[in-house]
Amino acid sequence: MTVGGEGGPGTTGSALAERLNHLFANMHPPGAPYTNAFVAEEISGGTQEYGGARVTEQYLSMLRNGRRTNPSPELLRALAKFFAVPVGYLLGDLSQPQAARVEEEVRFLAAMRDSRVRAIALRSVGLPPEVQDSLTTIISQFRQQMNLPAELPEHGGDQSGE
């Protein structure tokens, strides 16, 4: 990260801003994305849940637009905890596969807010693997017919929970 709190396009701060904006856009309950004011109030709310970190709505705005790029480690830990991601994701310390995995999980959680997507996923639970594979093929065919991307990132054939 840049020292001094100032940053422009192409700096590590821009990467932090992109990651924060990605989390704000995707990691929220059904309805609308979190606001800077809501996140600041939750983190600074006086509880020890976020390690006593304090942040203002304005400072979050500056982090998200890249005008501030060097938040305290305490604030980064609090933001990571709030959005349920590893702090290394915000720091840019994860390997490319690890960061891709976090982003995939964020996309998955965002998709699962849609009750129709949830219903399809839950109805496939307990079906034999070959039937699940057939359903995946059918969905891919529909995606192709609708000119949507043919393949979404794999969730890793996640039998092991990793």
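Residues numbered from 1 in each chain as written. Predicted model: local features only at pLDDT ≥ 70, side-chain atom pairs only at ≥ 80, totals over all residues. Heavy atoms only, no water.

Trainee: Sorry, what's going on with the packing of aromatic side chains here?
Mentor: We describe a pair of aromatic rings using the distance from one ring centre to the other and the angle between the two ring planes. Across all of its chains, the model carries 7 aromatic pairs by this definition. Between Y34 and F38, the aromatic rings sit 5.1 Å apart at their centres with planes inclined by 0°, giving stacked as the arrangement. A connected cluster of aromatic rings, assembled from ring pairs, spans F24, Y34, F38, Y50, F82 and F83. Above the plane of the ring of Y89 lies R19, whose end atom (NZ or CZ) is 5.9 Å from the centre. Seen from the ring of F24, R64 lies directly overhead, with NZ or CZ sitting 3.8 Å from the centre. (Phe/Tyr/Trp six-rings, centres within 6.5 Å; stacked < 30°, edge-to-face > 60°. Lys NZ or Arg CZ within 6 Å of the ring centre and 35° of its normal.)

Trainee: How do you make sense of the environment of N26 when you look at a structure like this?
Mentor: Along the polypeptide, N26 turns up in helix α1 (residues 12-26). Looking at N26, the relative accessible area reads 18%, which means it is buried. In this structure the C-alpha to C-alpha distance between N26 and R113, which are 87 residues apart in sequence, comes to 9.9 Å. Not counting chain neighbours up to four residues away, the residues in contact with N26 comprise V106, A110 and R113. (Helix = DSSP H or I, 4+ residues; strand = E, 2+ residues; numbered from the N terminus. Buried < 20%, exposed > 50% of the residue type's maximum accessible area, 1.4 Å probe, protein only. Contact = heavy atoms within 4.5 Å.)

Trainee: Please clarify how the pattern of salt bridges should be interpreted in this entry.
Mentor: For the coordinates displayed, the defined rule picks out 2 salt bridges. Among the salt bridges present, the one from E74 reaches R77, with a minimum N-O distance of 3.8 Å. Residue E74 and its partner R77 are located together in helix α4 (residues 73-83), separated by 3 residues, close to a single helical turn. For the salt bridge of E105 with R101, the shortest nitrogen-to-oxygen distance reads 2.9 Å. In this pair, E105 and R101 both sit in helix α6 (residues 96-112), 4 residues apart, roughly one turn of the helix. (Salt bridge = Lys/Arg side-chain N within 4 Å of Asp/Glu carboxyl O.)

Trainee: Sorry if this is basic, but what is going on with the environment of Q132 here?
Mentor: Relative to the elements of secondary structure, Q132 occurs in helix α8 (residues 129-145). Separated by 11 residues in the primary sequence, Q132 and A121 place their C-alpha atoms 9.8 Å from one another. Setting aside its immediate chain neighbours within four residues, Q132 contacts S124, V125, G126 and L127.

Trainee: Please explain the confidence of the model for the protein as it appears in this structure.
Mentor: A low pLDDT score tells you not to read the predicted coordinates there in detail. In the predicted model, the protein carries a mean pLDDT of 82, and the fraction of residues at 70 or more is 83%. Counting interchain partners and residues more than four positions distant, the pLDDT-below-50 stretch residues 1-12 has 26 contacts. (pLDDT = per-residue confidence, 0-100.)

Trainee: Looking at this model, I keep getting lost on the nonpolar core. Mind explaining?
Mentor: The biggest cluster of nonpolar side chains holds 25 residues, and the ones touching the most others in it are I43, L79, F83 and L90. The element best represented in this core is α4, accounting for 7 residues. Beyond its immediate chain neighbours, meaning those up to four positions away, I43 contacts Y50, A53, V55, A78, L79 and F82. (Core = buried A, V, L, I, M, F, W, Y, C linked by side-chain atoms within 4.5 Å.)

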